[in-house]
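# Observations on the model geometry
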Amino acid sequence: MDWPPGGSTPVTPVIKAGWLDKNPPQGSYIYQKRWVRLDADHLRYFDSNKDAYSKRFISVACISRVAAIGDQKFEVITNNRTFAFRAESDVERKEWMQALQEAMAEQRARARLSSAYLLGVPGSEQPDRAGSLELRGFKNKLYVAVVGDKVQLYKNLEEYHLGIGITFIDMSVGNVKEVDRRSFDLTTPYRIFSFSADSELEKEQWLEAMQGAIAEALSTSEVAERIWAAAPNRFCADCGAPQPDWASINLCVVICKRCAGEHRGLGAGVSKVRSLKMDRKVWTETLIELFLQLGNGAGNRFWAANVPPSEALQPSSSPSTRRCHLEAKYREGKYRRYHPLFGNQEELDKALCAAVTTTDLAETQALLGCGAGINCFSGDPEAPTPLALAEQAGQTLQMEFLRNNRTTEVPRLDSMKPLEKHYSVVLPTVSHSGFLYKTASASKLLQERRAREEFSRRWCVLGDGVLSYFENERAVTPNGEIRASEIVCLAVPPPDTHGFEHTFEVYTEGERLYLFGLESAEQAHEWVKCIAKAFVPPLAEDLLARDFERLGRLPYKAGLSLQRAQEGWFSLSGSELRAVFPEGPCEEPLQLRKLQELSIQGDSENQVLVLVERRRTLYIQGERRLDFMGWLGAIQKAAASMGDTLSEQQLGDSDIPVIVYRCVDYITQCGLTSEGIYRKCGQTSKTQRLLESLRQDARSVHLKEGEQHVDDVSSALKRFLRDLPDGLFTRAQRLAWLEASEIEDEEEKVSRYRELLVRLPPVNRATVKALISHLYCVQCFSDTNQMNVHNLAIVFGPTLFQTDGQDYKAGRVVEDLINHYVVVFSVDEEELRKQREEITAIVKMRVAGTASGTQHAGDFICTVYLEEKKAETEQHIKIPASMTAEELTLEILDRRNVGIREKDYWTCFEVNEREEAERPLHFAEKVLPILHGLGTDSHLVVKKHQAMEAMLLYLASRVGDTKHGMMKFREDRSLLGLGLPSGGFHDRYFILNSSCLRLYKEVRSQRPWSGAPETSHRPEKEWPVKSLKVYLGVKKKLRPPTCWGFTVVHETEKHEKQQWYLCCDTQMELREWFATFLFVQHDGLVWPSEPSRVSRAVPEVRLGSVSLIPLRGSENEMRRSVAAFTADPLSLLRNV
């Protein structure tokens, strides 16, 4: 059996294929030639042997017989339809009939075998979704069925039941995309299927079903095969369906897809559902072994010990029946086998502590299912919990089972359903009581100080998951209560925020805020600790190990799982945000002052807080406005600069303050050639305002040329460094630096500087290196800016050492550090080369910008999207002049923690929305020039280059470096001011070689006696190939003759853009032309040999462009014969 690349879905081998004449259904005597293909499951016929999708298919299981009906003719007969075919000869007809009869016999044998083993008959698999949809190009609605990893199209419901369809789409090559409120596209490399549903809800359901089919098509069966090795695991634990490929990892049962959907509805507190085929990372060797030891055998001996036959599920049971049964089975424990100790909590806990030290997993399962406390105290301080006991005993399978059940609810036979909770977990019992001072609950954040008189003394009791407050300690009826399950956030304001010295705030799901106060810090701390334990589940209990300013749960999205928000637990302590996500109990700390971006997206009703750090982006959603606004303000405050020292500033990746980053970058990009840079002072008022903005939130300040003068920015940087309380070189080491400058021996002095540099705090050390590196670049342009090393030392010596300018040693230190920059800071050749390249590129950009009259921002912050342009996929990245497209792509994937698999051709695309075209950037292409050339209708997106593998295969198999052939051609008259009379597309002959692209308006036969083309074979136009920009796509309003086109753009020396459009007849031709363009433009290096390498140094790509010759030509001259080229396609290439 064949297997497709990139997936595990078996491809049914073709039994027989060939051309046959088919009689149309109207019974006409005119036969139509069709390409017919037979495999074990279907007989399909196509218009052409190159078509990917059939005109019709007939299920082999539905064929009743095959009969000969005359010369070379035969019939394929089903229950309701007869299909007539005609072969070229009697021999061929006999072969077709024999192949069909053998396929029918094999199909029936498989059906009998399947029935014997309770397996479904092939082709009878129930669809995941079926119904009517509109499909563009068809007059009537089609009946569509999503079955496994395929989408099947039928004319109507009747033909669906008959097994006679139009075609089916293998979703291993499919992708679904929302178009508008009711429409969506199913895209494949061969065709786009545009569907419309009756409602928005239906559209969402279809999208979900098709995305599931894609996931199934790309899944792997390795884990499933291993788990099915245990016989009970081969059938669903709940309904008995064969080959179940889902599982509940805490219940340790294997289930089918239909039951898995209902298990999810029970919530993660009852069943944690995972796929055997798709969630590969979940399936560790230990978990697989656990399923082989327990699995459906032990699981059903416990959970289904008392199921009456009348209540048992069947594979065909309805969703509502499944739901009721699974609620009773797992949430209520209705059918479980009761443990002899059931009802005696103390004995259950003791038995659990004993069982986990043995290999008796079934006993552990029964004890937990009957109420034993998974976090009960064992009596051993060194191993206080059952998990610790199992670890101490070396029982790895027991440990795995306990970990998977840490948050599982105990089944309860309640008459009323339990309240739905975001986290259905058994919370530890916490008790505490005492007097608290309380204000009236509020529905808004407390912006003003609450006076002491606004607090009322109340007796408060925390117990059984409820915080109750009474008028006094003798009162029986509480004034009110707060359920721990309803608490979403607990906040601790700074001391003396309100009338009482120590206060804490409790936020609930009902959008209420409760403020409590005490004078005693110890008592307040104890209350906060107890309330936190009462509402935080064991999953997130590690967050309680340290003090916090804010603790609670929030909806979030992260990584590539952006379709649906999940709830995570967060704690804020200082400038550190810790998070625990449902995927695992590990804390994931975010250093807020080191964020690359902190922004708010969405409208006032649906706000999203975006936190971007180097390796991921986190989206925190405002589902509940009250506590979200509290989190928002607290995180913004924590992410801001906390004081005046360097370590309290907002920091970049290299521990350099963002203030220094912003100023140095701006001056590097806009002020290197400014005369007297750093010597001249900016305007005092502007400098002061700028510095205040930077100190308040440097991350949000974007310096732009024309808005800030370089002298204002340079003065702000000097003022910041001079005002540092401890100085850049610190008070403790300042004298040692000054003394080192007096050492006469240069080598000894440099060695001393290196010693002192190591002693500086990390932030100071990183800042010193960044600043001296910048000054080293400034002095490289001293011929223009008049600021040589000595002049810079005069300015920065007193600034950095905070002296009055009288001590010459301060200037000498700075001068020595600049002169010996490479040695003191251990700068290697590669770092120095990249620095020089970046400076050179910036100067070139500024020269080009001056010539064109444009100005550029000093920060060069670019918005780049991952896979598609959506708010939740955008990334804000600083683009240095040396950054290549490959480096940008890897940076984006690194941020979103996206792994690069084999044959994943991730590429950065320049997308022009107005032109409806996109251009994959060459991996070595510099991004900064592209960024400066982007219009308002353009953006960058990182996504997989779907055609790259096919293009590389073509380039590997072709002979020679040239490409030639006919294409449809059109000029853009709106840009060129001239063009073809009709403004349409016209046939032209093109030749592309390593140096140029040639256009021929006329093709004539060659002279028979010479073999050389006539003079009219000289090209009408010719363009240097490396000066062209080729975009995939042609805008629809031009009405291109085919959908396989590209747009060619050229910018003249006067910065006038010219462009024209080319269309190919097939997708393969388009790929071949585009691959050849890439090949000749980049000297044969189309894709890096090591795309994920760590060292990403690549050859520098030339900035700017070469002017092209504008296209001209008469449409009448392009209607000539191509007979000569049919006879000898290389006739024009002999002179190339």
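Treat the numbers as computed from the prediction; the structure is a model and nothing was measured.

## A short note on the overall build of the protein
- The secondary structure content of the protein amounts to 31 helices and 44 strands.
- Expressed as a percentage of its 1136 residues, the buried residues of the protein come to 50%.
- Counting every atom, the protein has about 53300 Å² of accessible surface; 48% of that belongs to carbon and sulfur.

## Points about the side chain of Ser-183
- You can see Ser-183 is positioned in strand 14 (residues 183-187).
- By relative accessible area, which is 14% here, Ser-183 ends up buried.
- In this structure Ser-183 touches Glu-178, Phe-195, Ser-196 and Lys-203, once residues within four positions along its chain are discounted.

## Concerning the environment of Leu-1085
- For Leu-1085, the position within the fold is in the loop between helix 30 (1067-1081) and helix 31 (1123-1127).
- For Leu-1085, a relative accessible area of 44% gives the class partly exposed.
- In sequence terms Leu-1085 and His-922 are 163 residues apart; their C-alpha atoms lie 9.3 Å from each other.
- Apart from residues no more than four positions distant in its own chain, Leu-1085 is found in contact with His-922 and Phe-923.

## Some thoughts on empty space enclosed by the protein
- Applying the stated criterion across every chain yields a total of four cavities of 30 Å³ or more.
- Of the voids in this model, the largest cavity is the one considered here, and its volume is about 130 Å³.
- If you go around the largest cavity, you meet 14 residues; those closest to its centre are Glu-886, Thr-889, Trp-906, Thr-907 and Trp-1087.
- Listing elements by their share of the lining of the largest cavity, those giving two or more residues are helix 26 (885-895) and strand 35 (906-912).
- The biggest single contributor to the lining of the largest cavity is helix 26, with four residues.

## Considering the sheet that holds strand 18 (residues 273-275)
- Pairing is antiparallel in the open sheet, where three strands are placed in the order 17-16-18. If you trace the sheet from one side to the other, it starts and ends with strand 17 (253-255) and strand 18, each paired once. Adjacent strand axes in the sheet meet at a mean angle of 35°, parallel and antiparallel pairs treated alike.

## Considering the nonpolar core
- If you look at the biggest cluster of nonpolar residues, it comprises 67 residues, and the most contacted ones within it are Tyr-678, Phe-729, Trp-737, Leu-775, Phe-796 and Leu-800.
- The biggest single contributor to this core is helix 20 (residues 762-779), with nine residues.
- In contact with Leu-775, not counting residues within four places along its chain, are Tyr-678, Leu-792, Phe-796, Val-814 and Ile-818.

## Some details on the pairing of strand 3 (residues 42-46)
- Counting buried residues in strand 3 gives five out of five residues, a clear majority hidden from the surface.
- A two-sided burial pattern is seen for strand 3, the buried positions comprising His-42, Arg-44 and Phe-46 on one face and Leu-43 and Tyr-45 on the other.
- Here strand 2 (residues 32-39) folds back onto strand 3 in antiparallel fashion, the turn holding two residues.
- In this structure, strand 3 lies alongside strand 4 (residues 56-59), joined through four bridges in antiparallel fashion. Pairing of Arg-44 across the sheet is with Phe-57, part of strand 4.

## What to know about helix 10 (residues 361-369)
- Burial within helix 10 is extensive, with seven of its nine residues counted as buried.
- When helix 10 is considered as a whole, its buried residues turn out to be Leu-361, Thr-364, Gln-365, Ala-366, Leu-367, Leu-368 and Gly-369.
- In this structure, the buried side of helix 10 is in contact with helix 6 (285-293), helix 7 (295-303), helix 9 (345-355) and helix 12 (396-404).
- Just past helix 10, the residue Gly-371 takes up positive phi, approximately 110°.

## Comments concerning the sheet that holds strand 4
- Here we have eight strands laid out as an open sheet, ordered 5-6-7-1-2-3-4-11, and antiparallel in their pairing. Both outer strands of the open sheet, strand 5 (63-70) and strand 11 (164-165), are each paired with one neighbouring strand and no more.
- Pairing between strand 5 and strand 6 (residues 73-78): six bridges, direction antiparallel. Following the sheet pairing, Val-66 is matched in strand 6 by Val-76.

## Observations concerning the packing of aromatic side chains
- One pass over the structure, following the stated rule, counts 33 aromatic pairs.
- The interplanar angle of 15° and the centroid separation of 4.2 Å between the aromatic rings of Tyr-556 and Phe-581 together place this pair among those described as stacked. With a gap of 25 residues between them, Tyr-556 in strand 26 (residues 550-558) and Phe-581 in the loop between strand 28 (576-580) and strand 29 (590-591) connect regions that are remote in the sequence.
- A relative accessible area of 4% means that Phe-581 is categorised as buried.

## Re the pattern of salt bridges
- Tallied over the entire structure, the rule returns 46 salt bridges.
- The closest approach of N and O atoms between Glu-262 and Arg-323, which form a salt bridge, is 3.0 Å. In this pair, Glu-262 sits in helix 5 (residues 257-266) while Arg-323 sits in helix 8 (residues 319-331), placing the two residues 61 residues apart along the sequence.
- Given the relative accessible area of 14%, Glu-262 is considered buried.
- Residue Arg-323 is classed as partly exposed on the basis of its relative accessible area of 42%.
- The salt bridge involving Glu-576 is made with Arg-578; its shortest N-O contact spans 2.9 Å. Exposure class is identical for Glu-576 and Arg-578. Each is buried.
- Salt bridges here are not isolated pairs; linked through shared partners, they connect Arg-914, Glu-915, Asp-937 and Lys-1035.

## Thoughts on the environment of Leu-389
- One can find Leu-389 in helix 11 (residues 386-393).
- On the basis of relative accessible area, Leu-389 is assigned to the buried category, the value being 10%.
- Along the chain, Leu-389 and Cys-353 lie 36 residues apart, while their C-alpha atoms are 7.1 Å from each other.

## Concerning the state of the cysteines
- This model, assessed by the stated rule, comprises zero disulfides.
- In this model Cys-1064 remains outside any disulfide bridge; the closest cysteine sulfur is found in Cys-1063, 7.4 Å from its own.
- Look at Cys-1064 and you get buried, because its relative accessible area is 0%.

## Some details on the packing of helix 11 against helix 12
- One can describe the packing of helix 11 onto helix 12 by two numbers: an axis separation of 8 Å at closest approach and a directional angle of 160°. With respect to their mutual orientation, helix 11 and helix 12 come out roughly antiparallel. Considering how the two elements wind past one another, helix 11 and helix 12 form a crossing that is left-handed. For the pair helix 11 and helix 12, contact is made by Pro-386, Leu-387, Ala-390 and Glu-391 and by Gln-398, Met-399, Leu-402 and Arg-403, respectively.
- Residues of the contact of helix 11 with helix 12, tallied by class, amount to five nonpolar, one polar and two charged.

## A few points about the environment of Asp-185
- Its place among the elements puts Asp-185 in strand 14.
- Separated by eleven residues in sequence, Asp-185 and Ser-196 place their C-alpha atoms 8.7 Å apart.

## A closer look at helix 23 (residues 808-819)
- The end-to-end C-alpha distance of helix 23 is 17 Å, a good match for the 16 Å that twelve residues give at a rise of 1.5 Å each.
- Considered for burial, the residues of helix 23 that qualify are Lys-809, Ala-810, Gly-811, Val-813, Val-814, Asp-816, Leu-817 and Ile-818.
- In this structure, the buried side of helix 23 is in contact with helix 18 (731-740), helix 19 (746-759), helix 20, helix 22 (789-801) and helix 24 (821-824).

## Details of the confidence of the model for the protein
- Counting all residues, the mean pLDDT for the protein is 80, and 84% of those residues have values of 70 or more.
- Low pLDDT, under 50, characterises residues 1-10; the stretch is placed with 21 contacts to residues that sit more than four places away or in other chains.
- Note that pLDDT drops below 50 for residues 415-428; the model gives that stretch 33 contacts with residues more than four away or on any other chain.

Conventions we followed
- Residues numbered from 1 in each chain as written.
- Predicted model: local features only at pLDDT ≥ 70, side-chain atom pairs only at ≥ 80, totals over all residues.
- Heavy atoms only, no water.
- Helix = DSSP H or I, 4+ residues; strand = E, 2+ residues; numbered from the N terminus.
- Buried < 20%, exposed > 50% of the residue type's maximum accessible area, 1.4 Å probe, protein only.
- Areas by Shrake-Rupley, 256 points an atom, 1.4 Å probe, with all protein chains shown as cover.
- Contact = heavy atoms within 4.5 Å.
- 1 Å grid on protein atoms, 1.4 Å probe; cavity = no way out; pocket = protein on both sides within 12 Å on 5 of 7 lines; lining within 4 Å.
- Points joined across faces, edges and corners; volume = space filled by probe spheres on them.
- Pairing = 2+ DSSP bridges.
- Axes fitted to C-alpha atoms, helices over the stretch in contact; angles between N-to-C directions.
- Core = buried A, V, L, I, M, F, W, Y, C linked by side-chain atoms within 4.5 Å.
- Phe/Tyr/Trp six-rings, centres within 6.5 Å; stacked < 30°, edge-to-face > 60°.
- Salt bridge = Lys/Arg side-chain N within 4 Å of Asp/Glu carboxyl O.
- Disulfide = S-S within 2.5 Å.
- Parallel < 35°, antiparallel > 145°, perpendicular 65-115°, else oblique.
- Left-handed = near helix turned anticlockwise from the far one by under 90°.
- Nonpolar A, V, L, I, M, F, W, Y, C, P; charged D, E, K, R; others polar.
- Expected span 1.5 Å × (residues − 1).
- pLDDT = per-residue confidence, 0-100.

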